[in-house]
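Now for the letters of each chain:
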Amino acid sequence: MLSQFFILSPRGDTIVFKDYRGDVPKGMTEVFFREMKAWKDSKGTHPPPALDGGNGVHFLYIRRNGLYFVSATKFNVAPACVLELLSRIAGLCKDYCGLLNEESIRLNFVLVYELLDEVMDFGYPQSTSTELLKSYIYNQPCEVVLDRESSLMSTRKTLPSSAANKPIALSLDATQSRKNEIFIDLLERLTVLVATNGNVLRSHLDGCIMMRSFLNGTPEIRLGLNEDLKIGREERRAAYGSVVLDDCNFHEDTQLDQFERERIISMTAPVGEFTMMNYRISGEFQSAIPFQAYTTVEEGEIAKTLRVSVRLRCEVPAKISSTNIVVRIPVPKATLSASSEPLGPGQTTELKHHEKHYLWKIKKMEGGTELQTVIKVSVFLTKISSFKNSHLFKSPLPLPLPDTHIYTHILFAADIV
């Protein structure tokens, strides 16, 4: 049972506000953003998904593309249930508006309010199905015009990644004029712990098959996977060279009658975006790690400075390019300032004081290439050797200096050109 729902921009501006019960004082949007900002200033990270707003009011929120989807309530609600509801509301906004960002929500705020009227009644959830709500939504979406930079990568046989960022058809005329399309994305998150000597200590992969359907009606779709796909850790030794998943789960509407024999998944595709399959793989991978980072830390020529050198090599094939790469380099807690030597095009650096990280952002990196950055870190210490007997690094660093390797946390996305 929710009392209020609102969507805030990263600056704290109220984009959408809905009061369902009237039992919570006004001005809760300012209270929430003030509490969140105070937490970030003191802790250096985003607060947990549940916050106390005082006067018996509790906040539950999620972040999507920089936007805050927040609920305020005075009741003892189940946090997991409310967070799932907020996640589904964010998914509805993306399905009906096409994009989930500040501009899209502002352009379609009337449509968003119409959705909120149907999703909840007096603070009680009613329906969050994209297909069922189509019968009750009458406002037409305003599509956001994207830049054409991504379309330069497309060819006759391919489409840019932004092709799926469009709203579902609401009216009959729009349904007749729109193509029957379905987009499939394979999203994987690879987590690897590498020792200073380059050996892999631990690794696992979490992946999912995401779909976005713009099909007319509710036709049945069939998705075929590798015939040599194995599920279960006990199959790993007996199935060398095949794809082995530790575990997986499927969408609630999938039919798995043919999955055990032919590895075919069939389902009636719902309208909008949904996850067909989640899977997890752990252990040693047959393919190489996408990135290799080589780091060294030395005493600078000037007193009270460190010279951090980071060399990044992209190990993917030359035909594949990695985009939106972010390298997080931990710095000492006593860091006063940090600066890098001149970088090449498409590269930026930034020091995060509260998080004690130095960010190195790379727009695009071709497979088989290397990039390097050198960072000069100024620290508040009488001697650099004081690091040997102190715990000034937020992330663990082997000591003593020099020739010290630091750990970097790399996030990347790869697009086939």
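Here the structure is shown first, and the text comes after it.
Attention in this report is confined to the structure presented alongside it. The structure displayed is predicted, hence computed values, not measured ones.

## Some points on the sheet that holds strand 2 (residues 14–19)
Spatially, the 5 strands line up as an open sheet ordered 2-1-5-4-3, and their pairing is antiparallel. Among the strands making up the open sheet, the edge pair consists of strand 2 and strand 3 (50–54). On average, each strand axis in the sheet is tilted by 20° relative to the strand beside it, whichever way the strands run. Where strand 4 (residues 57–64) and strand 5 (residues 67–73) come together, 7 bridges link them in antiparallel fashion. Looking at strand 5, one finds that Arg 64 is bridged to Leu 67.

## Details of the pattern of salt bridges
Applying the stated criterion to the full structure yields 15 salt bridges. Taking the shortest distance from any N to any O, the salt bridge between Asp 41 and Lys 37 comes out at 3.4 Å. Placement of the pair is Asp 41 and Lys 37 together in helix 1 (residues 28–43), with a separation of 4 residues, close to one helical turn. Of the residues examined, Asp 41 reaches a relative accessible area of 42% and is grouped as partly exposed. Across the pair Lys 166 and Glu 181 runs a salt bridge, and its minimum N-O distance is 2.3 Å. Residue Lys 166 is found in the loop between helix 5 (130–133) and helix 6 (172–177), and its partner Glu 181 is found in the loop between helix 6 and strand 8 (182–194); the two are separated by 15 residues along the sequence. Here Lys 166 and Glu 181 have matching classes, each one buried.

## Regarding unusual backbone geometry
Although it is not a glycine, Asn 55 sits at a positive phi angle of roughly 60°. For Asn 55, the location among the structural elements is in the loop between strand 3 and strand 4. Of note in the backbone geometry, Asn 65 takes a positive phi value of approximately 55° without being a glycine. Along the chain, Asn 65 falls in the loop between strand 4 and strand 5.

## Some words on the nonpolar core
Looking at soluble globular proteins, one finds that nonpolar side chains tend to be buried together. With 35 residues, the main nonpolar core has Phe 5, Phe 69, Ile 89, Tyr 96, Ile 105 and Met 120 as its most contacted residues. Of all the elements in the fold, those that place two or more residues in this core are strand 1 (4–8), strand 2, strand 4, strand 5, helix 2 (79–97) and helix 4 (109–119). In terms of residues, this core owes the most to one element, helix 2, which gives 9 residues. Setting aside anything within four residues of it in sequence, one finds Phe 69 in contact with Phe 5, Phe 6, Ile 7, Leu 60, Tyr 61, Ile 62, Arg 64, Leu 86, Ala 90, Cys 93 and Leu 100. If you look at the next biggest cluster of nonpolar residues, it comprises 20 residues, including Leu 306, Val 327, Ile 375 and Val 379.

## Brief notes about the sheet that holds strand 16 (residues 272–282)
Judged by pairing direction, the sheet is antiparallel, and its 4 strands sit side by side in the order 8-9-16-13 without closing on themselves. A single partner strand is all that each edge strand has here, and the edge strands are strand 8 and strand 13 (247–250). On average, adjacent strands in this sheet sit at an angle of 15° to one another, irrespective of strand direction. Two elements, strand 9 (residues 200–213) and strand 16, share 10 bridges in a ladder whose sense is antiparallel. Note on strand 16: the bridge partner recorded for His 204 is Ser 282.

## A few points about the pairing of strand 21 (residues 347–352)
Note: strand 21 against strand 22 (residues 357–366), 6 bridges, orientation antiparallel. Within the sheet, the bridge partner assigned to Thr 349 lies in strand 22 and is Trp 360. The turn joining strand 21 and strand 22, which pair antiparallel and follow one another in sequence, is formed by 4 residues; a positive phi near 55° is taken by Lys 356.

Reading the values: rules and limits
Residues numbered from 1 in each chain as written. Predicted model: local features only at pLDDT ≥ 70, side-chain atom pairs only at ≥ 80, totals over all residues. Heavy atoms only, no water. Pairing = 2+ DSSP bridges. Helix = DSSP H or I, 4+ residues; strand = E, 2+ residues; numbered from the N terminus. Axes fitted to C-alpha atoms, helices over the stretch in contact; angles between N-to-C directions. Salt bridge = Lys/Arg side-chain N within 4 Å of Asp/Glu carboxyl O. Buried < 20%, exposed > 50% of the residue type's maximum accessible area, 1.4 Å probe, protein only. Core = buried A, V, L, I, M, F, W, Y, C linked by side-chain atoms within 4.5 Å. Contact = heavy atoms within 4.5 Å.

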